[in-house]
Amino acid sequence: MSKKIVAIDMDDTICHLVPKAIHYHNAAYPDLPLTIDQVISFDLSGIWHPECTEEIFFGRPKLYEELEVFDEHTIEEVRRISEEHDVIIVTAARPSAVQEKWNWLQRHMPFIPFENFFVAKRKYLLEFDLLIDDGPHNLLAAREAGKRTIGIPRPWNSTLQNEFLMKDSWNGMGELVNNVLSGPGFPAKG
Ligand SMILES: [Mg+2]
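What counts as what
Residues numbered from 1 in each chain as written. Predicted model: local features only at pLDDT ≥ 70, side-chain atom pairs only at ≥ 80, totals over all residues. Helix = DSSP H or I, 4+ residues; strand = E, 2+ residues; numbered from the N terminus. Rg over C-alpha atoms; globule rule 2.2 N^0.38 Å. Buried ≥ 20, exposed ≤ 12 C-beta atoms within 10 Å, placed from the backbone. Contact = placed C-beta atoms within 7 Å. Domains from an automatic or database assignment. Nonpolar A, V, L, I, M, F, W, Y, C, P; charged D, E, K, R; others polar. Pairing = 2+ DSSP bridges. Axes fitted to C-alpha atoms, helices over the stretch in contact; angles between N-to-C directions. Arc of directions from axis to C-beta.

Undergrad: Could you give an account of the overall build of the protein chain, naming the residues involved and the relevant values?
TA: In terms of regular secondary structure, the protein chain is built from six helices and five strands. Start at the N end of the protein chain and walk to the C end: the helices and strands fall as β-α-α-α-β-α-β-β-α-β-α. Expected size for 190 residues packed as a compact globule is a radius of gyration near 16 Å; at 16 Å, the protein chain falls within 12% of this value. Across its three principal directions, the C-alpha atoms of the protein chain cover 55 × 35 × 30 Å. Counting only residues that meet the buried cut, the protein chain has 34% of its 190 residues in that class. In the protein chain, 64% of the contacts between residues at least 6 apart in sequence involve partners at least 24 apart.

Here it is as structure tokens:
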């Protein structure tokens, strides 16, 4: 039997992008500090400082290299999943951030070969059996395509948390992946 393809997102799935971007935003604009709970969609233009831009918020040089690993279980669980399945890392990276993201992966997860590193915003075009992601649009598109999903609960996907299987820690993720892959499949929840 061929290996199952497990697609894993980067930002706010295996590392923390939004908290770090908020940190720099608040340092630059202390008169309008943001909290993560305010981030209820991927469009932050209504809540960030009037002088802030997409480029300032997400385009800070080296931002993607310094992101913290999601939690203390993340690296070992991704390694465990990759020993059993075909793990691909799929990230909707800004073109300028691709090198930074690959550097991050090499530093923290050197067991991921470069042929398993996919830069793709339209993730639904890829073949995979299971997607682990925080992006509501990605979870919805995967479900639409009949794929299995595990969501990472974040404020911006709160409206989906009752209808998708969610896991807020990487502790035991490998086991959950196996359960989801061997289970009845669709629906995504359960
Ligand atoms: Mg993400």
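Having put the structure on the table, let's press on.
Undergrad: Got a sec to walk through the domain arrangement of the protein chain? Specific residues and values, please.
TA: Domain assignment breaks the protein chain into domain 1 (5–16 + 68–182) and domain 2 (18–65). Distance between the C-alpha centres of domain 1 and domain 2: 23 Å. Taken residue by residue, the interface counts twelve residues in domain 1 and 14 residues in domain 2. Per-class residue counts for the side of domain 1 that touches domain 2 are four nonpolar, four polar and four charged.

Undergrad: Can you explain the sheet that holds strand β5 (residues 148–151)? Please cite residues and give values.
TA: One open sheet accounts for five strands, arranged β3-β2-β1-β4-β5; its pairing is parallel. Lying at the two open borders of the sheet, with one neighbouring strand each, are β3 (117–119) and β5. Sheet twist, expressed as the mean angle between neighbouring strand axes with direction ignored, is 25°. In this structure, strand β1 (residues 5–8) lies alongside strand β2 (residues 86–91), joined through four bridges in parallel fashion. Of the residues in β2, the one forming a bridge with Ala7 is Ile88.

Undergrad: Break down helix α3 (residues 74–84) for me, with residues and values.
TA: Regarding α3, the residues found buried are Thr74, Glu77, Val78, Ile81 and Ser82. Viewed end-on, α3 has its buried residues packed into an arc of 135°, placing them on one side of the element. Against β1, β2 and α6 (173–182) lie the buried residues of α3.

Undergrad: Residue-level account of unusual backbone geometry, with values.
TA: Of note, the phi angle at Asp12 is positive, near 60°, even though the residue is not glycine. Tracing the chain through its elements places Asp12 in the loop between β1 and α1 (18–28). For Asp12, a count of 21 C-beta atoms within 10 Å puts it in the buried group. If you check the backbone angles, Lys62 has positive phi at about 75° while not being a glycine. Within the secondary structure, Lys62 is located in the loop between α2 (54–58) and α3. Judged by the 9 C-beta atoms lying within 10 Å of it, Lys62 falls in the exposed class.

Undergrad: Requested: an account of the environment of Gln99, with residues and values cited.
TA: Within the element layout of this structure, Gln99 appears in helix α4 (residues 98–108). A sequence separation of 20 residues divides Gln99 from Arg79, and the C-alpha atoms of the two residues are 22 Å apart.

Undergrad: Could you give an account of the pairing of β1, with specific residues and numbers?
TA: As paired elements, β1 and strand β4 (residues 130–133) share three bridges and run parallel to each other. Paired with Ile8 across the two strands is Ile132, which belongs to β4.

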